[in-house]
Amino acid sequence: MGLQTLPFNKTLFKKDWKMTKWLCFVAAGILFFTMTLGVINTYNNYQRTLKEVEEHPERFSDFDAEVHKDYIKESLMRMFKRLTGMEPVVIIFMPMAAAALLFGEEKRKKTLEVLSTMPFTRREIFFNKVIVACVNVFLPFLINAVIMLAALGLSKGLRNFYSAGMVMSWLGADVFRLFVVLSFSLLFASITGTSISHLVLTIIFFIFPIGFAGLLDMNMSLWGYHTSVIDTFLNTFGTYTMPGLLDGIENIPIVFHLISAIVMIIAAKLLFDRNKLERSGETLEFESIETFFKVGVTVCTSLLIGVIFTWLIGGIIFFSGDVPRIVTIVGYIIGILIGWFIASYSIKLNRVKA
Amino acid sequence: MIKVEGLDKYLGGDKILDDINIHVKKGSIYGLIGPNGAGKTTLIKNLVDIYEPDKGEVIIRGENIKDNTKIKSRLGYVSDFQYLYPSFKVREIVKFYKEAYPFWNEDRYNQLTKLLKLDGNKKIKYLSKGMKTQLAVLLTLSIMPNVLILDEPTSGLDPVVKRKVLNLIVDEVSVSETTVLISSHNLGELEQICDHIGIIHEGKILLEDSIENLKSNVRKIQVAFKGELPDDIKKNEHILKIESIGRIHQIVVKDNLEIVMEEIKKHNPILLETIDMSLEEIFVYKMGGEGYGFADIAL
């Protein structure tokens, strides 16, 4: 029995990396300027403050160097444990953008057709894209972690403020979050035919549990039902959703997310194998989910327009939120029409001609 | 070398290809012709594993093409639109092909670059359609293909470049015994290079034959009589079409040239000669004989 080797292909890797490396460097730059630079300057800033206190003691009458140092240490600890600044933005959008460039753009530009005529298997194409996506999303964090560790090695003073362990925990937590978001994005890359439809659907489903619960809650309020069921549901299961990944790492059910990420990658691979290249460039790769997509968009748009319409009419005509229910119903109907039209039009617009 | 058996393909619920069977022999140049929307590009995309047949299979060099890297390493494909990576420079795409194809031939590549002058530092998105096609031909011939599949490779090219590309293809076949399948709307062009022709119409292969057979089966006779064209010639069942200019009549005959010639000779013509027909004329008359109106098969 022959051993099955991993389908790593240097040529494909180099090609995919060339297409997407700019994304990696942009993310590394964003992280550096919004986080790392501040961290590695901590000691200098602290020293500058001490000098200032020494020069102008009258301005800092209550200043206690130790208290100030503890405050900085605590801030840094919080920074390493919680997502701050541009970090959550990078964690959410970087994997989505990488997957969209590697899959959606290749489908939209039909370069995937060229690849399929070349001596590469589908397995190799998928596997190498996943590897490049991982490198793209992990590398910016790794580069910044290395910079923070190098600064720690070069500056004794910095060691009073943070440790290598803190950097490594930060890196581990973010790599875990990135892996889960990337798996989620890869799943949508396998069911959509363009980068735009990929990004739109990934973002919609990313916020779906919270967004839909919020929509339901607002609509129930319009009809006079005030219930805490939705709040209770979100409080209990919120960390199991994708936005829940942005919570503190200690609150996240890591095993659940890791298992679901692995399941999503396997599903993405199986769906990618079933992708038909004649549907590249279409909104959805599978005709069978078009109805589900239309109904989903219609329901959500109806609920949203129902609320907006009620608020608008209430504000303009009735000058209060207390409006006849027929207004809300009219809003729902307008929403159904708009939602169905948008979903159908987006499918029709991208329909590939025979 | 290339064998397609019972291939069906649906696109968007419509049956685009219906029970396609073709056979291309090793070292031959096979021209695939048919009107717009006949299914030529869909068939070609099935041949190169872009599309997956809904029924039937594509066999190249004795093996199914599906996900077959061994066959694809010697399979050259030039499409009607060149979907090469637009952000890549010419030299980068050359490097990509060089690394991807195990039989890449640097000498051949260097020879071809002398013929097709391309700026290696230019990005593909800035190349004209003709330049992109030249690049695709250059890449495809440098991988040392033993099967070449070309989908309207000369459309949009100027006559000089068109001639260059066609010469390269013919040279390739004569030097390396490469099997070529080429689709084109330009029948005159195909006539010059092909030895076999397949006609596709509404997703079906209507006929497959050598150009030699096609030409010997459908002939044109030029004839003149002192008086009118005799009625029994007009009614002859082997005659596909008669065109008359004054007393000169051009008669298109299907399959039974000798019988018609004998019939004409009985009426003592003052002029009697056979004229070779172009592939385009044969195509039109053959389709007419198959029950398709000229309007249906206009290229």
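Bear in mind that the values here come from a model prediction, so they are computed numbers and not experimental data.

About the cut-offs
- Numbering of residues starts from 1 in every chain and runs along the sequence as written.
- Throughout, the order in which chains and ligands are written sets their labels, letters from A for the former and numbers from 1 for the latter.
- With pLDDT at 70 or above as the cut-off, local features in this predicted model cover only qualifying residues; side-chain atom pairs require 80 or more to be listed or tallied, and sums for whole chains, interfaces and linings still use all residues.
- Note that water and hydrogens are dropped before the side-chain values are worked out from all heavy atoms of the structure.
- Where helices and strands are cited, they refer to DSSP runs of H or I of at least four residues and of E of at least two residues respectively, numbered from the N terminus.
- The buried label applies to any residue whose accessible area, calculated with a 1.4 Å probe on protein chains only, is under 20% of its type's maximum; exposed applies above 50%, and partly exposed to all values in between.
- We call two residues in contact when some of their heavy atoms are within 4.5 Å.
- Two strands pair if DSSP finds at least two bridges between them.
- Note on method: axes are straight lines fitted to C-alpha atoms, helices fitted across the in-contact stretch only, with angles between N-to-C directions ranging 0 to 180 degrees.
- When two parts are brought into contact, each loses some accessible area as probed by a 1.4 Å sphere; the total of that loss over both is the buried area.
- Salt bridges are counted wherever a side-chain nitrogen of Lys or Arg sits within 4 Å of a carboxyl oxygen of Asp or Glu.
- For the purposes of these results, a polar contact is taken to be a pair of N or O atoms within 3.5 Å, where, inside protein, one atom must be able to donate a hydrogen and its partner to accept one; residues adjacent in sequence count only when each atom of the pair is a side-chain atom.
- Under the convention adopted here, Pro, Cys and the residues Ala, Val, Leu, Ile, Met, Phe, Trp and Tyr are nonpolar, Asp, Glu, Lys and Arg are charged, and Gly plus all remaining residues are polar.
- Any residue with an atom within 4 Å of a point lines the site, the site being either a cavity, points on a 1 Å grid over the protein atoms alone where a 1.4 Å probe fits but cannot get out, or a pocket, an open set with protein on both sides within 12 Å along at least 5 of 7 lines.
- Grid points are joined across faces, edges and corners, and a volume is the space filled by probe spheres set on the points.
- Only centres within 6.5 Å qualify two rings of Phe, Tyr or Trp (six-membered ring in Trp) as a pair; their planes then separate them into stacked at under 30 degrees, edge-to-face at over 60, and tilted for everything else.
- Both a distance and an angle decide whether a charge sits over a ring: NZ of Lys or CZ of Arg must be within 6 Å of the ring centre and within 35 degrees of the ring normal.
- Residues grouped as a nonpolar core are buried Ala, Val, Leu, Ile, Met, Phe, Trp, Tyr and Cys residues, joined through side-chain atoms within 4.5 Å.
- Distance thresholds for patches are 9 Å for like charges and 5 Å for nonpolar side chains (Val, Leu, Ile, Met, Phe, Trp, Tyr), applied to residues having over 30% relative accessible area and no salt bridge.
- Here the open area of atoms and residues is found with the Shrake-Rupley method and a 1.4 Å probe, where only the protein chains shown may cover a residue.
- Positive charges are assigned to Lys and Arg, negative charges to Asp and Glu, while His and the chain termini are left out of the count.
- To locate a charge, take atom NZ for lysine, CZ for arginine, CG for aspartate or CD for glutamate.
- What counts as a domain boundary in this text is fixed by an automatic or database domain assignment.

(A) Representation of the overall build of chain B in the model. Across its full length, chain B holds twelve helices and 14 strands. Counting only residues that meet the buried cut, chain B has 49% of its 299 residues in that class. Taking the contacts inside chain B whose residues are at least 6 apart along the sequence as the reference set, 70% of them involve residues at least 24 apart.

(B) Region of the structure containing the sheet that holds strand β14 (residues 271-275) of chain B. Residues and elements named next belong to chain B. Here we have four strands laid out as an open sheet, ordered β12-β13-β11-β14, and antiparallel in their pairing. Looking at strand neighbours, the two that pair on one side only are β12 (239-245) and β14, the edges of this open sheet. Averaged over all neighbouring strand pairs, the angle between strand axes comes to 20°, with direction disregarded. Across six bridges, the pairing between β12 and strand β13 (residues 248-254) is antiparallel. Note on β13: the bridge partner recorded for Ile245 is Ile248.

(C) Quick peek at the pairing of strand β11 (residues 218-224) of chain B. Residue and element names in this part refer to chain B. Among the seven residues of β11, six are classified as buried, and the element is accordingly described as predominantly covered. As paired strands, β11 and β13 are joined by seven bridges and run antiparallel to one another. If you follow Ile221 over to β13, its bridge partner there is Ile251. Sheet topology places β11 next to β14; five bridges connect them, and they run antiparallel. Paired with Val223 across the bridge in β14 is Leu272.

(D) The arrangement of the interface of chain A and chain B in detail. Contacts between chain A and chain B engage 23 residues on the former and 28 residues on the latter. Here chain A meets chain B over a buried area of about 2500 Å², counting both sides, of which 63% is carbon and sulfur. Taken as a group, Thr117, Pro119 and Glu278 of chain A account for 24% of the area that chain A buries against chain B, more than any other trio of residues on that side. The tally of links between chain A and chain B comes to five salt bridges. In this structure, Glu92 of chain B engages Lys18 of chain A in a salt bridge whose closest nitrogen and oxygen atoms are separated by 3.3 Å. Between the two partners, chain A and chain B, sit eight residue pairs in polar contact (both at pLDDT 80 or more). Of all the secondary-structure elements, those providing two or more residues to the side of chain A that touches chain B are α1 (10-40) and α5 (111-117) of chain A. No other element matches α5 of chain A, which puts six residues into the side of chain A that touches chain B. Grouping the amino acids of the side of chain A that touches chain B by side-chain chemistry returns eight nonpolar, five polar and ten charged.

(E) Fine view of the layout of surface pockets. Residues and elements named next belong to chain A. The space that makes up the largest pocket amounts to roughly 770 Å³. Lining the largest pocket we find 30 residues, and of these Leu201, Ile204, Gly296, Val297 and Cys300 sit closest to its centre. Secondary-structure elements contributing two or more residues to the lining of the largest pocket are α8 (195-222), α11 (290-318) and α12 (325-349). When its residues are assigned to classes, the lining of the largest pocket shows 22 nonpolar, eight polar and no charged.

(F) Quick look at the packing of aromatic side chains. With the rule as written, the count across this model stands at 27 aromatic pairs over all chains. With a centroid separation of 6.2 Å and an interplanar angle of 85°, the aromatic rings of Phe96 of chain B and Tyr97 of chain B are classed as edge-to-face. The rings of Phe120 of chain A together with Tyr85, Phe88, Phe96, Tyr97 and Tyr101 of chain B are connected pair by pair, giving a single aromatic cluster. Taking the ring centre of Phe88 of chain B as reference, the NZ or CZ of Lys18 of chain A above it sits at 5.1 Å. Against the face of Phe103 of chain A rests Lys129 of chain A, its NZ or CZ located 5.9 Å from the ring centre.

(G) Looking closely at the nonpolar core. Tyr162 of chain A together with Ile93, Tyr97, Ile149 and Leu181 of chain B are the most contacted members of the largest nonpolar core, which totals 158 residues. The element that contributes the greatest number of residues to this core is helix α7 (residues 164-189) of chain A, accounting for 14 residues. When residues no more than four places from it in sequence are discounted, the contact partners of Tyr97 of chain B are Val114 and Met118 of chain A together with Leu84, Trp104, Leu139 and Ile143 of chain B.

(H) Representation of the sheet that holds strand β10 (residues 204-210) of chain B within the structure. Residues and elements named next belong to chain B. A sheet is described by the order of its strands in space; here six strands give the open sequence β6-β7-β8-β3-β9-β10, paired in mixed fashion. Sheet topology places β6 (75-78) and β10 at the edges, where each strand pairs with a single neighbour. Within the sheet, the average angular offset between the axes of one strand and its neighbour, ignoring direction, is 15°. Two strands pair when backbone bridges link them, and strand β7 (residues 147-151) and strand β8 (residues 179-183) are joined in this way by five bridges, in the parallel orientation. By the bridge assignment, Leu148 is partnered in β8 with Val180. Each of β6 and β7 is contacted by helix α5 (residues 129-142), which is oriented at about 175° to β6, the strand it contacts most.

(I) Broad picture of a negative patch on the surface. Among the surface-exposed residues, Asp64, Glu66, Asp70 and Glu74 of chain A lie close enough to one another that they form a single negatively charged patch. Here Glu74 of chain A is to be found in helix α3 (residues 65-81).

(J) Region of interest: the domain arrangement of chain B. For chain B, the assigned domains are domain 1 (2-202) and domain 2 (214-297). Just the C-alpha atoms count here: the centres of domain 1 of chain B and domain 2 of chain B sit 37 Å apart.

(K) Up close: the pattern of salt bridges. All names here are of chain B. The tally for this structure, following the rule as stated, stands at 33 salt bridges over all chains. Here Asp18 makes a salt bridge to Lys204, at a shortest N to O gap of 3.6 Å. Placement of the pair is Asp18 in strand β2 (residues 14-24) and Lys204 in strand β10, with a sequence separation of 186 residues. Taking relative accessible area as the criterion, Asp18 reaches 22% and is therefore assigned partly exposed. Owing to a relative accessible area of 41%, Lys204 belongs among the partly exposed residues under this scheme. Here Lys98 and Glu106 are joined by a salt bridge, their closest N and O atoms 3.4 Å apart. With a relative accessible area of 31%, Glu106 lands in the partly exposed category. Connected via shared salt-bridge partners are Asp8, Lys15, Asp18, Lys55 and Lys204.

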